[in-house]
Amino acid sequence: MKIIVKDNYKGLSRFAAECIQKQVQYNPGSVLGLATGSTPLGLYERLVQDYKVGGTDYSKVSTINLDEYVGLSKTHPQSYHMFMKENLFSLVNIASRNTYIPDGKAKHLEEECKRYDRIINTIGPPDLLILGIGENGHIGFNEPGSSFEGQTHIVELKESTRRANARLFSSIEEVPKQAITMGIKSILYSKKILLLASGEKKKEAIGQLLTGKIDEQFPASALHLHPNVTVVVDELAYNRQISEAITY
Ligand code: PGA
């Protein structure tokens, strides 16, 4: 695992955007694994800016998103379908038929999980997967205790995760209690992984990740089992004292 520390969120977003741009320029038919949440917003903004000035071509790119809330339609303002549309897909020349996100309104959720695994296995593996990290160490919506062998599945969201995401809803009651998420096994199937963390709130989780201890109670620690992971943090999310005391 490689760690890169940037001065601030802007630097982190620029670095992540450049990784995606290089990937797509190197292979125009790249498969990107994408995340939602606050952290990748700056990255998507930079991709859109770069696209507008005549840069990167996304017409042959495919994308596979990590997760979606159960019960929210594709047009619900807080659905991850809507998030991706508003922040990236409608702003670059990506073909919507090449973008994949689990359907949180599927009638048969177990079937939907299987369908999504088939997509990951046929379209994927992602050449480059972008990940955020929860304060409790979750990746995608794989909460503490998730099996490292898991594929796409339904999760019960922890109260702490619902509270962290409530800022985007009018009240915590409106935050769905379940989500569909790519499992940790599917995440580790990606060829290259970039985990982004910004701000003081992520400092503890990053400190724990960098101890190198692998534990299902801390889902992000599964990334130590992958050969090509880069963790990009800003100064606020990086605990120098802990991190520099650790050698692994
Ligand atoms: P955030 O979420 O980017 O909104 O902090 C990350 C996560 O919970 O995985």
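So, how was this worked out
Residues numbered from 1 in each chain as written. Predicted model: local features only at pLDDT ≥ 70, side-chain atom pairs only at ≥ 80, totals over all residues. Heavy atoms only, no water. Salt bridge = Lys/Arg side-chain N within 4 Å of Asp/Glu carboxyl O. Helix = DSSP H or I, 4+ residues; strand = E, 2+ residues; numbered from the N terminus. Buried < 20%, exposed > 50% of the residue type's maximum accessible area, 1.4 Å probe, protein only. UniProt positions renumbered as here; feature names shortened; annotations may be inferred. Contact = heavy atoms within 4.5 Å.

Visitor: It is not clear to me how the pattern of salt bridges should be interpreted in this structure. Could you clarify?
Guide: When their charged atoms lie close together, side chains carrying opposite charge are able to pair. Evaluation of the coordinates by the stated rule reveals 6 salt bridges. Put simply, Glu 112 and Arg 115 hold a salt bridge, and the shortest N to O gap is 2.8 Å. Placement of both Glu 112 and Arg 115 in helix 4 (residues 109–123) is noted, with a separation of 3 residues, approximately one turn of the helix. A relative accessible area of 33% means that Arg 115 is categorised as partly exposed. Across the salt bridge formed by Glu 159 and Arg 162, the nearest N and O atoms sit 3.3 Å from each other. Of this pair, Glu 159 and Arg 162 both sit in helix 5 (residues 159–165), 3 residues apart, roughly one helical turn.

Visitor: I keep staring at the UniProt feature "active site" (unreviewed entry) in the protein chain and nothing clicks. Help me out?
Guide: Taken from the UniProt record, the annotation "active site" (unreviewed entry) applies to Asp 67, Asn 136, His 138 and Glu 143. Relative to the elements of secondary structure, His 138 occurs in the loop between strand 6 (128–131) and strand 7 (153–156). Discounting residues that sit within four places of it in the chain, His 138 has contacts with Gly 132, Ile 133, Glu 143, Thr 161 and Pro 219. Within the fold, Glu 143 resides in the loop between strand 6 and strand 7. Not counting residues up to four positions away in its chain, the partners in contact with Glu 143 are Asn 136, His 138, Glu 156, Leu 157, Lys 158, Thr 161 and Pro 219.

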